[in-house]
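The residues making up each chain are set out below.
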Amino acid sequence: MLAEWLTPVIVLTETGHRALFLIFIAVGLLMAFLRVPWWFSGPIKVLYILWFVVYVYTENVFFTGEAIQFLQSNFSMNFSALISQNWEQTTDVFRTMLFFVLLWMAIYLIHYWVSFRSSIFLFYVLTVVFIAVLDTFSPYSGETAIVRIMIIGLLLAGLLYLVRWMERHQISEHADKVALFAVPLVLGIAVSTAFALYLPKSEPIWPDPVPFITSFSGQGGPGSGGNVGRIGYGVDDSRLGGSFIGDDTPVFRADVSTGQYWKVESKDTYTTKGWELTENVGESVVYRNNETVDTEFISGEEVETTVVSMEQEFPFVLYPYGTESFSMEESPNYQYSSADQRFETYQNGEELEPEEYEVSFGEPSYSLKTLRETSGEALEELPIEFDRYVQLPDELPERVRDLAIEITANSETVYDQALAIESYFNTSGFTYSQTDIPVPGADQDYVDQFLFETKRGYCDNFSTSMVVLLRSLDIPARWVKGFNEGELIDSQGETDVYEITNNNAHSWVEAYMPGVGWMLFEPTIGFTGSSSIDFDLELDPTDPEQPDPQERPETQEPENAGEEEAVANSQTAFWNRLTDFISTNRWKLIWTIIALGVIGTILFKIRHRWMPKFLISYYRLRGQESVQFEKAYLRLLKQLELYGINRKPGQTLKSYAAYIDSFFGTREMSELTRAYEKMIYGGDDQSIDWQELKESWENLINRTSG
């Protein structure tokens, strides 16, 4: 039931590591079921939370020095933010810990309702309402979840009613009696569930109330003014901003050797609120199957063919960089527009939505030597066709232009300027997020708001800002839309299969490098798309700044350099092997630690059952000295307390022994107590025969295991 609460929260907030959250819930419920003391279970949970934070945010499996320093710095930062009541400065680590605290409270409430109240009705109803609301008003699909909840809820309600009925009628909870009542309950729920799933369903009688309800919320659809949308490819980019919720609906699959960015189109006119396409510009060219296409990107030397299988219907083809040709069975027309670099598909004069097609492409590679020669003077010689790629609105705040100049102050070439702007977002306190993203007001500029006020956004914010900053320096740039690599789901030899979903809808930047051409740049934090660079620079031996190798002073190696190097190599090899072993067996180690923790918890909980056997074997091996009798007697007292027979405050050993004997129906405890008092208070330890007393001691120890 807790998992049904956790799953939609993780899906809608794009929170990863669902399995680790479920492990925390399972371990918490297990320790609650075993009634592990709070002073033992609490530190275990805290330790798990700290480990989760270290593993997720630093990728360290263990508490290394780096991980501990990370925890200390985050604690200090969040503590200062809380003291100053600056809630926006709290980090994701702090929010993650708060989420774990919430789960901790939920575990306690579930345990309380089930174990003490023997009722699950309230939590059951809340779960149904929660999933129903999310299924109705969010992209989360609760169709299968609601079925699972009904089955789990009915089963829990039935079993808890059985518990209350047995308690009311004072029926002992033996396994055979519980099974007598529980088996028909389980079979009844299973049969009714099967009938409910496979019987035909009638159509809904009432109309869908959601459109009527959402009409009052301002989130009824495009153009309604709502600030929350579903992620995915869209056509209208005239007003950017607002939050997005994830959508993992598949769009297409691609068989490629490495992940690629899939381009759909680009736009050139920035309006201070979003992007539009200049009308009546460029030319349209029609291609056929296997004809070489011109995408303004030169194909690389290594050409491969990828198969694209569409799962959503689009009247165009998506293509990777360096595309040479397309091919599909329908043999359509591929109409390419140089205005937005989009390939629309037509057949017999009507739009065609491809189902599967092949793309031949070679990923472009750029000479670093040539890129280092790109100069601003060459930009002034570009033809008039490039003017639309340096367009900026008159309303653009001047501080945006000033920031572009400041970022590139130490950059000598056009390529260096583009790299400086691309890396600026990773080093200046920006945050990637799809939630709590504002829409600029009537008098606000979209880029200015992001760069100087919020510094929080997703790909549209980062890519648009980079294009505007580049254009502020008169570097031609355009805003590109499409999909990123997607998720690797299978490997077939040298070919990988990637699944691209709506969550992979993305925007990035293309900038023009004089003498080189258009290049892809990726400013969005967390994304790794970039152009392939050929590092063909060579050091000039005649460079006066490069010292002559013959004139460089020879370094004197110490006498024991060989031994030190051998030791260093040995240590390095050891740590490399250890690191490789941990990296390879990371999950095995984690599950082993968790299993050992669970086993240790269970053994600790039932120690009164196995401890007597251990104590008897232990003291049989310790010899026959009287000093062993003293230790054995004190151990017996602890075992009796663990069994539940506690010695009252101020009660003498003689009185306590008499109570033990009356409880078990023996005289053995009194005999052992007389011998112990004679040895301790009488000082007569020589007369103690531990061999004779051992049988009585073992008999009492065995009784405590019942």
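Fair warning: this is a prediction, and the values are worked out from it, not measured in the lab.

A. Spatial organisation of the overall build of the protein chain. What the protein chain contains, in helices and strands, is 22 helices and 23 strands. Residue burial in the protein chain is summarised as follows: out of 706 residues, 40% are buried. In the protein chain, the proportion of contacts linking residues at least 24 apart, taken out of those at least 6 apart, comes to 72%. In the form shown here, the protein chain has an accessible surface area of approximately 40,500 Å², with 55% of it arising from carbon and sulfur atoms.

B. Region of the structure containing the pairing of strand β19 (residues 487–492). Of the pairings in the sheet, the one linking β19 to strand β20 (residues 495–501) comprises 5 bridges and is antiparallel in character. Within β20, the residue paired with Leu488 across the bridge is Tyr498. The antiparallel pairing of β19 with β20 creates a hairpin that spans 2 residues between the two strands, and Gly493 there sits at a positive phi of about 70°.

C. Fine view of the pairing of strand β4 (residues 262–267). Counting buried residues in β4 gives 6 out of 6 residues, a clear majority hidden from the surface. As paired elements, β4 and strand β18 (residues 477–483) share 5 bridges and run antiparallel to each other. Counterpart to Lys267 in the pairing with β18 is Trp479.

D. Focus on the sheet that holds strand β3 (residues 250–256). Pairing is antiparallel across the open sheet formed by 6 strands, whose spatial order is β10-β14-β8-β3-β20-β19. On the outer flanks of this sheet lie β10 (323–327) and β19, each paired with one strand and no other. Within this sheet the neighbouring strands show an average axis-to-axis angle of 20°, counted without direction. Relative to strand β14 (residues 356–361), strand β8 (residues 304–310) runs antiparallel, the two being bridged by 6 bridges. Bridged to Thr306 within β14 is Val359.

E. Region of the structure containing helix α14 (residues 446–454). Looking at α14, one finds that the buried residues are Tyr446, Val447, Asp448, Gln449, Phe450 and Leu451. Next to the buried residues of α14 lie β5 (269–270), α12 (398–407), β17 (456–457) and α15 (459–472). Sitting at the head of α14, Asp445 places a side-chain oxygen 2.9 Å from the backbone nitrogen of Val447. Positive phi appears at Lys455, one or two residues downstream of α14, with a value of about 50°.

F. The arrangement of the side chain of Thr501 in detail. Tracing the chain through its elements places Thr501 in strand β20. Thr501 gets classed as buried once you look at its relative accessible area, which sits at 10%. Apart from the residues within four sequence positions on either side, Thr501 is in contact with Asp247, Asp248, Thr249, Pro250, Val251 and Phe483.

G. Geometry of helix α4 (residues 65–83). With 19 residues, α4 should cover 27 Å at 1.5 Å per step; its first-to-last C-alpha distance of 27 Å lies within 8% of that length. All buried positions along α4 are accounted for by Ala67, Leu71, Asn74, Asn78 and Ala81. All buried residues of α4 lie within an arc of 100° about the axis, which places them on one face of the element. Exposed residues pointing more than 90 degrees away from the buried face of α4 are listed as Gly65, Gln69, Gln72 and Ile83. Where the residues of α4 are buried, they touch α3 (38–58) and α5 (92–117). Phi turns positive, to about 60°, at Gln85, one or two residues after α4.

H. Layout of the packing of aromatic side chains. What the rule picks out here adds up to 47 aromatic pairs. The interplanar angle of 80° and the centroid separation of 5.0 Å between the aromatic rings of Phe24 and Phe100 together place this pair among those described as edge-to-face. Of this pair, Phe24 sits in helix α2 (residues 18–33) while Phe100 sits in helix α5; the two residues are 76 residues apart in sequence, bridging distant segments of the chain. Exposure remark for Phe100: the relative accessible area of 0% places this residue in the buried category. Aromatic pair Phe450 and Phe462: ring centres 5.0 Å apart, planes at 75°, arrangement edge-to-face. Residue Phe450 is found in helix α14, and its partner Phe462 is found in helix α15; the two are separated by 12 residues along the sequence.

I. Summary view of the nonpolar core. Within the largest apolar cluster, 51 residues are counted, with the highest numbers of intra-cluster contacts made by Phe425, Leu451, Leu469, Leu470, Met513 and Phe521. Among the elements of the structure, α10 (368–371), α12, α13 (414–424), α14, α15, β18, β21 (505–513) and β22 (517–521) are those that each provide at least two residues to this core. Aside from chain neighbours lying at most four places away, what touches Phe521 is Tyr415, Ala418, Leu419, Glu422, Met466, Trp508, Val509, Ala511 and Met513.

J. Fine view of a nonpolar patch on the surface. Taken together, the side chains of Phe121, Val125, Val129, Val133 and Phe137 make up a nonpolar region of the molecular surface, amounting to roughly 460 Å² of accessible area. Along the polypeptide, Val129 turns up in helix α6 (residues 121–137).

K. Representation of the side chain of Thr464. Considering the arrangement of structural elements, one finds Thr464 in helix α15. In this structure, Thr464 is in contact with Leu240, Tyr270, Trp275, Tyr446, Val447 and Trp479, ignoring residues within four places of it in sequence.

L. Broad picture of the sheet that holds β18. The strand order β4-β18-β21-β22 describes an open sheet built from 4 strands, whose pairing is antiparallel. This sheet does not close on itself; its edge strands, each paired only once, are β4 and β22. Pairwise comparison of adjacent strand axes, ignoring direction, gives a mean angle of 35° for this sheet. Strand direction decides the pairing type here: β21 and β22, joined by 5 bridges, are antiparallel. Looking at the pairing, Met513 lines up with Gly517 of β22. Against the sheet, α13 touches β21 and β22, its axis set at about 20° to β22. Lying over the sheet, α15 contacts β18, β21 and β22, oriented at roughly 15° with respect to β21.

M. View of the confidence of the model for the protein chain. Overall, the predicted model of the protein chain reaches an average pLDDT of 82, with 83% of residues at or above 70. The low-confidence segment residues 214–226 (pLDDT under 50) makes 8 contacts with residues lying over four places distant or belonging to another chain.

N. View of the packing of α13 against α15. It is the contact of α13 with α15, at a shortest axis distance of 10 Å, that shows an interaxial angle of 145°. For α13 against α15, the interelement crossing comes out right-handed. Facing α13, whose interface residues are Ala418, Ile421 and Glu422, α15 presents Met466, Leu469 and Leu470.

O. Representation of the pattern of salt bridges in the model. On inspection of all chains with the given rule, the structure shows 16 salt bridges. Glu510 serves as the salt-bridge partner of Lys263, at 3.0 Å between the closest nitrogen and oxygen. In this pair, Lys263 sits in strand β4 while Glu510 sits in strand β21, placing the two residues 247 residues apart along the sequence. For the pair formed by Lys263 and Glu510, the shared burial category is buried.

Criteria and thresholds
- Residues numbered from 1 in each chain as written.
- Predicted model: local features only at pLDDT ≥ 70, side-chain atom pairs only at ≥ 80, totals over all residues.
- Heavy atoms only, no water.
- Helix = DSSP H or I, 4+ residues; strand = E, 2+ residues; numbered from the N terminus.
- Buried < 20%, exposed > 50% of the residue type's maximum accessible area, 1.4 Å probe, protein only.
- Contact = heavy atoms within 4.5 Å.
- Areas by Shrake-Rupley, 256 points an atom, 1.4 Å probe, with all protein chains shown as cover.
- Pairing = 2+ DSSP bridges.
- Axes fitted to C-alpha atoms, helices over the stretch in contact; angles between N-to-C directions.
- Polar contact = N/O pair within 3.5 Å; in protein donor to acceptor, adjacent residues only side chain to side chain.
- Expected span 1.5 Å × (residues − 1).
- Arc of directions from axis to C-beta.
- Phe/Tyr/Trp six-rings, centres within 6.5 Å; stacked < 30°, edge-to-face > 60°.
- Core = buried A, V, L, I, M, F, W, Y, C linked by side-chain atoms within 4.5 Å.
- Patch = residues over 30% accessible without salt bridge, like charges linked within 9 Å, V, L, I, M, F, W, Y side chains within 5 Å.
- Salt bridge = Lys/Arg side-chain N within 4 Å of Asp/Glu carboxyl O.
- pLDDT = per-residue confidence, 0-100.
- Left-handed = near helix turned anticlockwise from the far one by under 90°.

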